[in-house]
Amino acid sequence: MYRPLWLLIVVLFLFVCLWAEQAYPVLPRWETTHVDAQPSRSGLDAHHALALDSDDRPHVVYFDANTGSLIYAHLAALPDGDVWRYDVIDRGDVGRYVSIDLDSGDRPYVSYYDSAGDALKVASLDGGQWTVETVAVGGNYASLVVGPDDQPRVSYSVESQLLFAYRAGGVWHVEEVGLSGFLWVIGTSLALDSGGVAH
């Protein structure tokens, strides 16, 4: 093969490599961190959720199967560096089907199922104190979103029913979402559009 042909092949190869690098940039590598490695909380279950605040700092909620508690953790910025801070939101076989979102002031709202009381609950943190509200009876597979009015909305299921709960005037209201032909609802996911309408 002639030298000019080899040169052309090398130039084409370099061109393709440069094009591929711009068209398909290499993504940054995943970084992992231990949120909670304490032995007393080693029985973490599959019920957990994550939200990022306006400073891109993580807020995590999870069910601790060892203690039957709902735990809240957030990465706090301190002068000596970042530190995970923890709160126990609720105790007594609570915290399954957990979901979290933050309002415009980065205050967390957490929905979860109270297995002992068979109830859907919503907890909110303000001024260092957690307030827990009972929304309704039942409440599996909850998905919580805080609206532009800083009020929480929750979708959840009770057997074959898909339900939507919202708080207005300090009172929780529950609506049934009509579903025809469904025998069992085994998951929900809630989102609000730019007008605050639930989907």
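What counts as what
Residues numbered from 1 in each chain as written. Predicted model: local features only at pLDDT ≥ 70, side-chain atom pairs only at ≥ 80, totals over all residues. Heavy atoms only, no water. Helix = DSSP H or I, 4+ residues; strand = E, 2+ residues; numbered from the N terminus. Contact = heavy atoms within 4.5 Å. Pairing = 2+ DSSP bridges. Axes fitted to C-alpha atoms, helices over the stretch in contact; angles between N-to-C directions. Phe/Tyr/Trp six-rings, centres within 6.5 Å; stacked < 30°, edge-to-face > 60°. Salt bridge = Lys/Arg side-chain N within 4 Å of Asp/Glu carboxyl O. Buried < 20%, exposed > 50% of the residue type's maximum accessible area, 1.4 Å probe, protein only.

Peer 1: Describe the environment of Gly 95, naming the residues involved and giving the relevant values.
Peer 2: Within the secondary structure layout, Gly 95 lies in strand 5 (residues 94-102). Taking the C-alpha atoms as reference points, Gly 95 and Ala 65, separated by 30 residues in sequence, lie 9.0 Å from one another. Leave out the neighbours within four places in its chain, and Gly 95 touches His 47, Phe 63, Leu 70, Tyr 112 and Tyr 113.

Peer 1: Run through the sheet that holds strand 12 (residues 171-177), naming residues and quoting values.
Peer 2: Pairing is antiparallel across the open sheet formed by 4 strands, whose spatial order is 9-10-11-12. Unpaired on one side and paired on the other, strand 9 (140-146) and strand 12 mark the two borders of the sheet. Here the strands of the sheet are splayed against their neighbours by 20 degrees on average, with no regard to which way each runs. In this sheet, strand 10 (residues 152-158) lies alongside strand 9 in antiparallel orientation, the contact comprising 5 bridges. Across the sheet, Ser 143 pairs through a bridge with Ser 155, a residue of strand 10.

Peer 1: I'd love a proper account of the sheet that holds strand 6 (residues 108-114), names of residues and values included.
Peer 2: Pairing is antiparallel in the open sheet, where 4 strands are placed in the order 5-6-7-8. Every interior strand has two partners, whereas the edge strands, strand 5 and strand 8 (129-137), have only one. Averaged over all pairs of adjacent strands, the angle between their axes in this sheet comes to 20 degrees, without regard to strand direction. The pairing of strand 7 (residues 119-126) with strand 8 spans 8 bridges and is classified as antiparallel.

Peer 1: Lay out the environment of Arg 96 in plain terms, naming residues and giving numbers.
Peer 2: As for its placement among the helices and strands, Arg 96 is situated in strand 5. Spatially, the C-alpha atom of Arg 96 lies 6.0 Å from that of Phe 63, the residues being 33 residues apart in sequence. Setting aside anything within four residues of it in sequence, one finds Arg 96 in contact with His 47, Phe 63, Tyr 112, Tyr 113 and Ser 115.

Peer 1: A description of the pairing of strand 12 should follow, citing residues and the corresponding values.
Peer 2: Regular strands show a simple pattern: their side chains alternate between the two faces of the sheet. Bridge count for strand 11 (residues 161-168) against strand 12 is 7 bridges, and the pairing is antiparallel. Across the sheet, residue Leu 162 finds its bridge partner in strand 12, namely Val 177. Hairpin remark: strand 11 followed by strand 12, antiparallel, with 2 residues in the connecting loop; positive phi at Gly 169, about 65 degrees.

Peer 1: Lay out the packing of aromatic side chains in plain terms, naming residues and giving numbers.
Peer 2: Within this structure, the stated rule accounts for 4 aromatic pairs. Three or more aromatic residues link up through ring pairs in this structure, and these residues are Tyr 97, Tyr 113 and Tyr 141.

Peer 1: So, the pattern of salt bridges: which residues are in play, and what are the values?
Peer 2: Any two side chains of opposite charge can pair, on the condition that their charged atoms come close. According to the stated counting rule, one finds 7 salt bridges in the structure shown. Across the salt bridge formed by Asp 114 and Lys 121, the nearest N and O atoms sit 2.9 Å from each other. With relative accessibility at 8%, the residue Asp 114 sits in the buried group. Close ionic contact of Asp 149 with Arg 153 constitutes a salt bridge, the shortest N to O distance being 2.6 Å.

Peer 1: Could you give me a rundown of the pairing of strand 2 (residues 58-64), with the residues and numbers involved?
Peer 2: Burial analysis of strand 2 places 7 of its 7 residues in the buried class, the great majority of the element. Alternating residues of strand 2 divide into Pro 58, Val 60, Tyr 62 and Asp 64 and His 59, Val 61 and Phe 63, and every residue in both groups is buried. Here strand 2 runs beside strand 3 (residues 69-78); their pairing, made up of 6 bridges, is antiparallel. Pairing of Val 60 across the sheet is with Ala 73, part of strand 3. Linkage of strand 2 to strand 3, two consecutive antiparallel strands, is achieved through a turn of 4 residues, within which Gly 68 is found at a positive phi near 65 degrees.

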